[in-house]
Amino acid sequence: PAAPDQLAFSDGVMTWGGTVTTPTTTTLATGGTALLGVRSFDMEISNGLDDNEPTLGSGLYASRAAVIEGKEFCKGSFEREYLDRSLIDDVITQTPRPVTWTFTGRGPSTTAPFLLQLFAPAVVLSSPASVEPNDAKVITQKHDFTVLQPATGAPLYAVLRTTEA
């Protein structure tokens with residue numbers, strides 16, 4: 001676009017488990033088992049550093065080296081309609097699964113499509129995934145997850161594709 005635009009997603013798919021081929025510089029991650037009924041998704045990535053804010057007299061630069069407060073992490077959650085018990089065993093056994101999140105959309109000022117894909121080769125669910133009644137509305141479950149460092153390769157891959165020049 002001629003000016004910066006907000007990324008807006010019109011569609012997406014999440015896969016959980018199965019066999020997934022890692023993305024490369026020219027291909028997306030492929031495979032996995034589509035997880036139906038996903039309503040929302042969020043992810044947080046932290047490098048474990050403290051809030052090394054600039055101080056007066058430092059020329060708006062941090063006045064000291066950052067201090068590592070904790071271990072780096074990547075975690076998040078997703079909310080899913082309760083359709084079956086397919087994830088309950090993974091919560092109990094803590095079995096790492098490959099996961100992909102693929103989002104497609106178009107920018108508000110352009111018709112050129114874009115695609116954002118995130119792939120994590122080893123993810124565990126860390127929530128009890130309880131099912132609560134909610135006055136005859138659609139029953140949902142919130143699943144918390146943690147991305148693990150696999151034995152080989154990166155813990156998280158991100159691919160952004162657009163047809164714009």
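These figures come from a predicted structure and were not determined experimentally. (Residues numbered from 1 in each chain as written. Predicted model: local features only at pLDDT ≥ 70, side-chain atom pairs only at ≥ 80, totals over all residues. Heavy atoms only, no water.)

Participant: What's the story with the nonpolar core in this structure? I'm lost.
Facilitator: Nonpolar side chains in soluble globular proteins tend to be buried together. Ranked by internal contacts, the top residues of the largest apolar core, which has 16 residues, are Met14, Trp16, Phe78, Trp101, Val123, Leu125 and Phe145. The greatest single-element share of this core, amounting to four residues, is contributed by strand E7 (residues 113-125). (Core = buried A, V, L, I, M, F, W, Y, C linked by side-chain atoms within 4.5 Å. Buried < 20%, exposed > 50% of the residue type's maximum accessible area, 1.4 Å probe, protein only. Helix = DSSP H or I, 4+ residues; strand = E, 2+ residues; numbered from the N terminus.)

Participant: What am I meant to see in the pattern of salt bridges here?
Facilitator: A side chain with one charge can pair with a side chain of the opposite charge if their charged atoms come near. Scanning the entire structure with this criterion turns up four salt bridges. One salt bridge in this structure joins Glu81 and Arg39, with 3.2 Å as the shortest N-O distance. Of this pair, Glu81 sits in strand E5 (residues 73-81) while Arg39 sits in strand E4 (residues 38-46), and the two are 42 residues apart along the sequence. Take Arg39: its relative accessible area is 47%, and that puts it in the partly exposed class. (Salt bridge = Lys/Arg side-chain N within 4 Å of Asp/Glu carboxyl O.)

Participant: Would you mind showing me how to read the packing of aromatic side chains here?
Facilitator: Both the distance between ring centres and the angle between the ring planes are used here to describe each pair of aromatic rings. Considering all chains together, one arrives at six aromatic pairs under this definition. Here the aromatic rings of Phe41 and Phe103 are separated by 5.8 Å at their centres, their planes lie at 35°, and the arrangement is tilted. Taken together, the positions of Phe41 in strand E4 and Phe103 in strand E6 (residues 97-106) put the pair 62 residues apart, joining distant regions of the chain. Look at Phe41 and you get partly exposed, because its relative accessible area is 25%. Relative accessible area serves as the criterion here: at 18%, Phe103 is assigned to the buried category. Taken together through their ring pairs, the aromatic side chains of Phe41, Phe78, Trp101, Phe103 and Phe145 make up a single cluster. (Phe/Tyr/Trp six-rings, centres within 6.5 Å; stacked < 30°, edge-to-face > 60°.)

Participant: Looking at this model, I keep getting lost on the environment of Lys75. Mind explaining?
Facilitator: Its place among the elements puts Lys75 in strand E5. You can call Lys75 partly exposed: its relative accessible area is 39%. Excluding residues that lie within four positions of it along the chain, Lys75 makes contacts with Asp42, Met43, Glu44, Phe145 and Thr146. (Contact = heavy atoms within 4.5 Å.)

Participant: Sorry, what's going on with the pairing of strand E8 (residues 140-147) here?
Facilitator: The two faces of a sheet get side chains in turn, since along a regular strand they alternate between them. With burial as the criterion, only one face of E8 is covered, namely that bearing Gln141, His143, Phe145 and Val147; the residues Thr140, Lys142, Asp144 and Thr146 on the opposite face remain uncovered. Relative to E8, E5 runs antiparallel, the two being bridged by seven bridges. Across the sheet, the residue bridging to Glu81 is Thr140, located in E8. As judged from the three bridges shared by E7 and E8, these two strands associate in the antiparallel manner. Following the sheet pairing, Val123 is matched in E8 by Val147. (Pairing = 2+ DSSP bridges.)

Participant: Looking at this model, I keep getting lost on unusual backbone geometry. Mind explaining?
Facilitator: Keep in mind that most residues, glycine aside, have a negative phi and that most peptide bonds are trans. In this structure, Gln94 takes a positive phi of about 55° despite not being glycine. Tracing the backbone through its elements, the reader meets Gln94 in the loop between helix H1 (88-93) and E6. Taking relative accessible area as the criterion, Gln94 reaches 38% and is therefore assigned partly exposed.

Participant: Would you explain the environment of Asp11 in this entry?
Facilitator: If you trace the backbone, Asp11 turns up in strand E1 (residues 9-16). As for Asp11 and Gly105, which are separated by 94 residues in sequence, their C-alpha atoms are 6.5 Å apart. For Asp11, the contacting residues outside a window of four places in its chain are Thr102, Phe103 and Thr104.

Participant: Would you mind going over the side chain of Arg80 with me for this structure?
Facilitator: Positionally, Arg80 belongs in strand E5. Note on Arg80: relative accessible area 3%, which makes it buried. The contact partners of Arg80, leaving out residues within four places of it in the chain, are Leu35, Leu36, Gly37, Val38, Arg39, Ser86, Leu87, Ile139, Thr140, Gln141 and His143.

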